[in-house]
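Tertiary structure, described
Chain residues, written in single-letter form:
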Amino acid sequence: NRFQLEMQTVTLIPGDGIGPEISSAVMKIFETAKAPIRWEERNVTAIKGPGGRWMIPPDAKESMDKSKIGLKGPLKTPIAAGHPSMNLLLRKTFDLYANVRPCISIEGYKTPYTDVNLVTIRENTEGEYSGIEHVIVDGVVQSIKLITEDASRRIAEYAFEYARNNQRNSVTAVHKANIMRMSDGLFLRKCREVAENYKDIKFTEMYLDTVCLNMVQDPTQFDVLVMPNLYGDILSDLCAGLIGGLGVTPSGNIGANGVAIFESVHGTAPDIAGLDLANPTALLLSAVMMLRHMGLHDYGNKIQTACFDTIRDKKVLTKDLGGNSKCSEFTADICRRIQDLD
Amino acid sequence: MTARSVRSLSGALKPLFSNRCPGITSCFLQVYGAASCNQRQKSTYTPPPARYGGRHTVTLIPGDGIGPELGNHVRELFRFCCVPVDFEVVNVDSSVASEDDINNAIMAIRRNGVALKGNIETNHNLPPSYKSRNNLLRTTLDLYANVMHCQSLPGVRTRHRNIDIMIIRENTEGEYSSLEHENVPGVVECLKIITKTKSLRIADYAFRTARAKGRRRVTAVHKANIMKLGDGLFLECCKEVASGYPEITFDSMIVDNTTMQLVSRPQQFDLMVMPNLYGNVVSNVCAGLVGGPGLVPGANYGEDYAVFETGTRNTGKSIANRNTANPTAMLLASCLLLDHLKLHAYASMIRRAILSTVSETRLHTADLGGQGSTSEVVQSIMNAVQSTGPQTLSI
C-alpha cells in the first residue's frame, strides 16, 4: 500500500524531566515496528516575540505547521516566570479546541474498575477557563464562563466525527442546563443540531452530577462524552483515575487547520528524570492514538497489543506499575513482542 | 445541626465542663440528647418555633418522581413509631410557570422552621425565566451549608471499603447564581460569584462541624490555579478560618486531582469543604462510591432553617410509582430531621432499624442489585423497630 510506506513527518517535542527518555523509548518502539514516521525534534520554550507577546520558538511553529501532527512529552510549569504555561501557549498558537482522552481499562493493570471503554471529548478554549475575572467590590469576585455558538458547534461536530471514524455507538452531552440555563442550554442546543446530521450515532444528554454518580458505579454505560471545559477537565481526570491514573492515560489535542498534538498528561517527574525509571506507557499510547488519527491503524494496533501484552505479563513492569524494572527493559520487551508479531 | 445550635449548645456547655474533664462534654450531649424527648429542653438552644404541645410541625414538599411515594413512606413510618411530628404537606407543581407554589412552600418553611423535601423537577428546555425551584428555595431561605455524610454501609457491596467522608458544600452562590446574559448573539456569559462573606461563613461552618464531630482533617477543594481570583478568594478564606483551629489539619486539593484520588483511594479524605459546583461533582462521586443515590441522605442548613432531602437530589422519574425506589436515603434524611428537632431517641431507633435492613441482601432494591420492593424494605424497618422499640402502633 503506497500510502502506508510513504514517510510522514511528525514534530516531536520531548519536553522536560522524564520527557526525553520516554520520547526516545517511543522512537525506539516505532523504529522496531517500522512505522513510516520521520521524527523532527523541536524544543518549546516561551520567548518574547515582536510586540512583547509571548510565543513559541518560530522553528517549532514552522515544523508543526508543515507536519500538522505533533507528539509532546511533559512540559515544566514555570512558577513566577512571567509567562503563561507552555501548554496554554501551544493551545493558543494552534487553536487546539478539542481535548480527547480515550479511557480504556488496561488488562494487567488492576484497578477497582474493569471494562472501562469510553472517550471524553472536552472543549478546550472557552467555558469556565476563559480567565476573565473581576473584583467587583472588595470581597466579591466574579468569574465569567463564556459559551459561544461557534465553539460549541465545533466541538460537537468533532465529537460526532470522532464517534463515526472510530466506530463508537453513542455520544452523550454532559451539561448542567437546569442551573445554567442559557450557557449550557446553548451548548446543548448546538449538540442537538449537530446530532441531526449524524443519525447513525445515538445522542443522549445527561446532567453532570448524574454522569459522576453513574460513572463511579458502572462506567460501562458510557461511550463518547462531549462537554464544555470545566466539566471536561473534571470528568477526564475522573476517567483517567478509573483506568489507573495519568501515567497510563493517552491524550490528544485537536486544533483548527488539521493540526493535532498528542501528549502524555502526567508531570515531568524531576525526581526520577535521567534514571531510566520512567514509564513510557502514557506517551506510547498517545503515539498510538496519533497513528490511528493518521490512518495507520495496523501499526497502531500492533504497538498497542505489544504494550498491553507486556503489562499483562507483569514480568518487566516499571515501578509505578508495580514492578521494579527499568524503562529500557520495559521498552525492550515491547520491541521484542513487536518483532514476534511480525 | 443549624449554625445557631452548634454555636450555642457547644458554647453553653464548654465553659461548664472543659475545665474539669473535656471528655464529659460529648458524653453529656449524648445522654442529654437521648432523654430530651422525655423532659423539657434545658439548653440555650431554641427549638424550632412550631413545637406545640410536645408535637412538632414539619413542612413536607413531596416533589416529583419518587418524591411523593417516599414522603408517604416517611409519614407511614413516623405514624407507626408514634413520632411526635405532624407534616404540613405543600405541593409544588413544577409544570406551571408561576412561582406561587414554591413561594407558598417557602412561607410554610419559614413558619415551621424545618422541612423534608423531595426533588422538584426542572425542565431545562424552558427559557431562563423559569428558574430551578430547588435552587430558589435554597437561596431564598439562605440554606448556605449542604452537608452530606458518605459512609460505607455494612451489607452493601462496593468497590471501595471503609469510606467515611463528610462533604460540606456552599449552597447559595458560586456557579449557581443564575446570572447569565447574551451580550452578542451566539455568545453567552455566565457569572460565577464568590464572596468573602459566604466563603468565610461556609469555612467557619465546616471547621465548627469538624470540631464538633471530632474530624481530624479538612480538605478544601478548588481550582485556584485557573480561577485565581474566585477560587483563590475561597481558599484564602478557608486558610483564615483554619488558623483558628490548630488541632485540625487543613490542606487543599485541586478538583480534578480530587476526583482522581476519590476513585482510587477515597479512604484518605475526612471532611471536605468546597464551593457549589465542585460540591455537586464531589458529592455525587462519593455517593456513587458508597453505593448509590438510594443510600445517602443530605441536609441543607441555614441560620434559621433546615431542609432535609436525599443527598444526590434525584427526581427518579424513570422509576416513579413502581415500588422499586430505595427508601433508605429519604428515611435516613428523616432521621437527620429528628436529630435536628432534638428527638434523638426516635432518630437512633429508626436509624438502627434502617441500617439493619440495609445489611440484609435479600431486601436490596434494584439500585443495589437486588429485587426487593420499597414496601418490603419499609415493612422490614417497621418490624425491626417493633422488635426493639418502646411503643409502636399495632400493624
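Residues numbered from 1 in each chain as written. Chains lettered and ligands numbered in written order. Predicted model: local features only at pLDDT ≥ 70, side-chain atom pairs only at ≥ 80, totals over all residues. Heavy atoms only, no water.

Before going further, it helps to examine the overall build of chain B. If you tally the helices and strands in chain B, you get twelve helices and twelve strands. The proportion of buried residues among the 395 residues of chain B is 57%. Taking the contacts inside chain B whose residues are at least 6 apart along the sequence as the reference set, 74% of them involve residues at least 24 apart. On chain B, roughly 16,000 Å² of surface is accessible, and the fraction owed to carbon and sulfur atoms is 52%. (Helix = DSSP H or I, 4+ residues; strand = E, 2+ residues; numbered from the N terminus. Buried < 20%, exposed > 50% of the residue type's maximum accessible area, 1.4 Å probe, protein only. Contact = heavy atoms within 4.5 Å. Areas by Shrake-Rupley, 256 points an atom, 1.4 Å probe, with all protein chains shown as cover.)

As a further point, take the overall build of chain A. If you tally the helices and strands in chain A, you get eleven helices and 14 strands. On C-alpha atoms alone, chain A measures out to a radius of gyration of 20 Å, which is about the 20 Å that the 2.2 N^0.38 rule sets for 342 residues. Expressed as lengths along the three principal axes of its C-alpha atoms, the size of chain A is roughly 60 × 50 × 45 Å. Partitioning the contacts of chain A with sequence separation of at least 6, the portion at a separation of at least 24 is 73%. Of the roughly 13,800 Å² that chain A leaves accessible, carbon and sulfur atoms contribute 49%. (Rg over C-alpha atoms; globule rule 2.2 N^0.38 Å.)

Another point: the interface of chain A and chain B. If you look at the interface, chain A gives 50 residues, while chain B gives 57 residues. Of the roughly 4,400 Å² buried at the junction of chain A and chain B (both faces included), carbon and sulfur atoms supply 64%. Together, I179, R181 and M182 of chain A form the three largest contributors to the area buried by chain A at its contact with chain B, with a combined 17%. Run the count over chain A and chain B and you get one salt bridge. K223 of chain B is paired through a salt bridge with D233 of chain A; the nearest N and O atoms lie 2.7 Å apart. In this structure, the connection of chain A to chain B is made through 25 residue pairs in polar contact (both at pLDDT 80 or more). Looking at the side of chain A that touches chain B, the elements that each hand over two or more residues are strand 8 (127-137), strand 9 (140-148), helix 6 (181-196), strand 11 (202-207), helix 7 (208-217) and helix 8 (229-243) of chain A. (Buried area = accessible area lost by both parts, 1.4 Å probe. Salt bridge = Lys/Arg side-chain N within 4 Å of Asp/Glu carboxyl O. Polar contact = N/O pair within 3.5 Å; in protein donor to acceptor, adjacent residues only side chain to side chain.)

Another aspect to go through is the side chain of E21 of chain A. Positionally, E21 of chain A belongs in helix 2 (residues 19-32). Buried within the structure, E21 of chain A lacks any salt-bridge partner; K326 of chain A is the closest side chain of opposite charge, at an N-O distance of 9.1 Å. (Lys, Arg positive; Asp, Glu negative; His and termini not counted.)

So, on to the pairing of strand 4 (residues 145-151) of chain B. All names here are of chain B. Among the seven residues of strand 4, five are classified as buried, and the element is accordingly described as predominantly covered. Inspection of the sheet shows strand 4 paired to strand 5 (residues 164-170) by seven bridges, in the antiparallel sense. Within the sheet, the bridge partner assigned to V147 lies in strand 5 and is I168. As paired strands, strand 4 and strand 11 (residues 297-301) are joined by four bridges and run antiparallel to one another. Bridge assignment links A145 to a residue of strand 11, and that residue is Y301. (Pairing = 2+ DSSP bridges.)

Quick look at the sheet that holds strand 4 of chain B now. All names here are of chain B. Here we have ten strands laid out as an open sheet, ordered 2-1-3-12-11-4-5-10-8-9, and mixed in their pairing. Where the open sheet ends on each side, the last strands, each with one partner, are strand 2 (85-89) and strand 9 (249-254). Strand-to-strand, the axes of this sheet are offset by a mean angle of 25 degrees, without reference to chain direction. As paired elements, strand 11 and strand 12 (residues 306-310) share five bridges and run antiparallel to each other. Pairing of G298 across the sheet is with E309, part of strand 12. Its contacts with the sheet place helix 7 (residues 230-242) against strand 8 (217-222), strand 9 and strand 10 (271-274), and it is angled at close to 165 degrees to strand 8. Against the sheet, helix 8 (residues 255-264) contacts strand 5, strand 8, strand 9 and strand 10, and its axis sits at roughly 100 degrees relative to strand 9. (Axes fitted to C-alpha atoms, helices over the stretch in contact; angles between N-to-C directions.)

Turning next to the sheet that holds strand 9 of chain A. Across the sheet, four strands lie side by side as 8(A)-9(A)-7(B)-6(B); this open sheet has antiparallel pairing. The outermost strands of the open sheet, each flanked by one partner alone, are strand 8 of chain A together with strand 6 (174-184) of chain B. Strand-to-strand twist in this sheet, taken as the mean axis angle between neighbours without regard to direction, amounts to 30 degrees. One ladder, built from six bridges, connects strand 8 of chain A with strand 9 of chain A; its direction is antiparallel. The partner of G127 of chain A across the bridge, within strand 9 of chain A, is L146 of chain A. Across the sheet, helix 9 (residues 276-290) of chain B lies against strand 6 and strand 7 (187-195) of chain B, angled at about 120 degrees from strand 6 of chain B, the strand it touches most.

Our next topic: the packing of helix 3 (residues 67-80) of chain B against helix 12 (residues 374-388) of chain B. All names here are of chain B. Interaxial distance between helix 3 and helix 12 falls to 11 Å at its minimum, and their mutual angle equals 20 degrees. With respect to their mutual orientation, helix 3 and helix 12 come out roughly parallel. Remark: the crossing between helix 3 and helix 12 carries right-handed chirality. On the side of helix 3, the interface is formed by E69, L70, H73, E76, L77 and F80, while helix 12 contributes T374, S375, V378, I381, M382, V385 and Q386. Here the residues of the contact of helix 3 with helix 12 are counted per class, giving seven nonpolar, four polar and two charged. (Parallel < 35°, antiparallel > 145°, perpendicular 65-115°, else oblique. Left-handed = near helix turned anticlockwise from the far one by under 90°. Nonpolar A, V, L, I, M, F, W, Y, C, P; charged D, E, K, R; others polar.)

Next up on the list: the packing of aromatic side chains. Applying the stated criterion across every chain yields a total of eleven aromatic pairs over all chains. Pairwise contacts between aromatic rings join Y144, Y205, Y301 and F308 of chain B into one cluster. Taking NZ or CZ as reference, K176 of chain A lies 5.7 Å from the ring centre of Y207 of chain A, over its face. (Phe/Tyr/Trp six-rings, centres within 6.5 Å; stacked < 30°, edge-to-face > 60°. Lys NZ or Arg CZ within 6 Å of the ring centre and 35° of its normal.)

The α-helix advances 3.6 residues per turn, and as a result positions three or four apart in sequence lie on the same side. Residue and element names in this part refer to chain B. Along its 15 residues, helix 12 runs 22 Å from first to last C-alpha, staying within 8% of the 21 Å computed at 1.5 Å per residue. For helix 12, the complete set of buried residues consists of T374, V377, V378, S380, I381, M382, A384 and V385. Among the structural elements, helix 3, helix 10 (328-340) and helix 11 (344-358) are those in contact with the buried residues of helix 12. (Expected span 1.5 Å × (residues − 1).)

Another point: the environment of N284 of chain B. On the secondary structure map, N284 of chain B appears in helix 9. Look at N284 of chain B and you get buried, because its relative accessible area is 2%. C-alpha of N284 of chain B to C-alpha of T324 of chain B: the two residues are 40 residues apart in sequence and 21 Å apart in space. For N284 of chain B, the residues in contact, after removing those within four places along its chain, are D209, C212 and L213 of chain A together with T312 of chain B. Separated by 2.8 Å, the side chain of N284 of chain B and the backbone oxygen of N280 of chain B make a polar contact.

Moving on: the pattern of salt bridges. Tallying each qualifying case throughout the model produces 44 salt bridges over all chains. Of the charged contacts, one joins K199 of chain A and E196 of chain A as a salt bridge, the two residues approaching to 3.0 Å between their closest N and O atoms. What makes K199 of chain A exposed here is its relative accessible area of 62%. Among the ionic pairs, R208 of chain B bridges to D204 of chain B, the shortest N-O distance being 3.3 Å. Placement of both R208 of chain B and D204 of chain B in helix 6 (residues 196-213) is noted, with a separation of four residues, approximately one turn of the helix. Among the charged side chains, a network of salt bridges with common partners joins D313, K315, D333, R336, R337 and D340 of chain A.

This part is about helix 10 of chain B. All names here are of chain B. With 13 residues, helix 10 should cover 18 Å at 1.5 Å per step; its first-to-last C-alpha distance of 18 Å lies within 8% of that length. Of all 13 residues making up helix 10, eleven are buried, and the element is well covered by its neighbours. Along helix 10, the residues that are buried comprise T328, A329, M330, L331, L332, A333, S334, C335, L337, L338 and H340. Phi turns positive, to about 70 degrees, at K342, one or two residues after helix 10.

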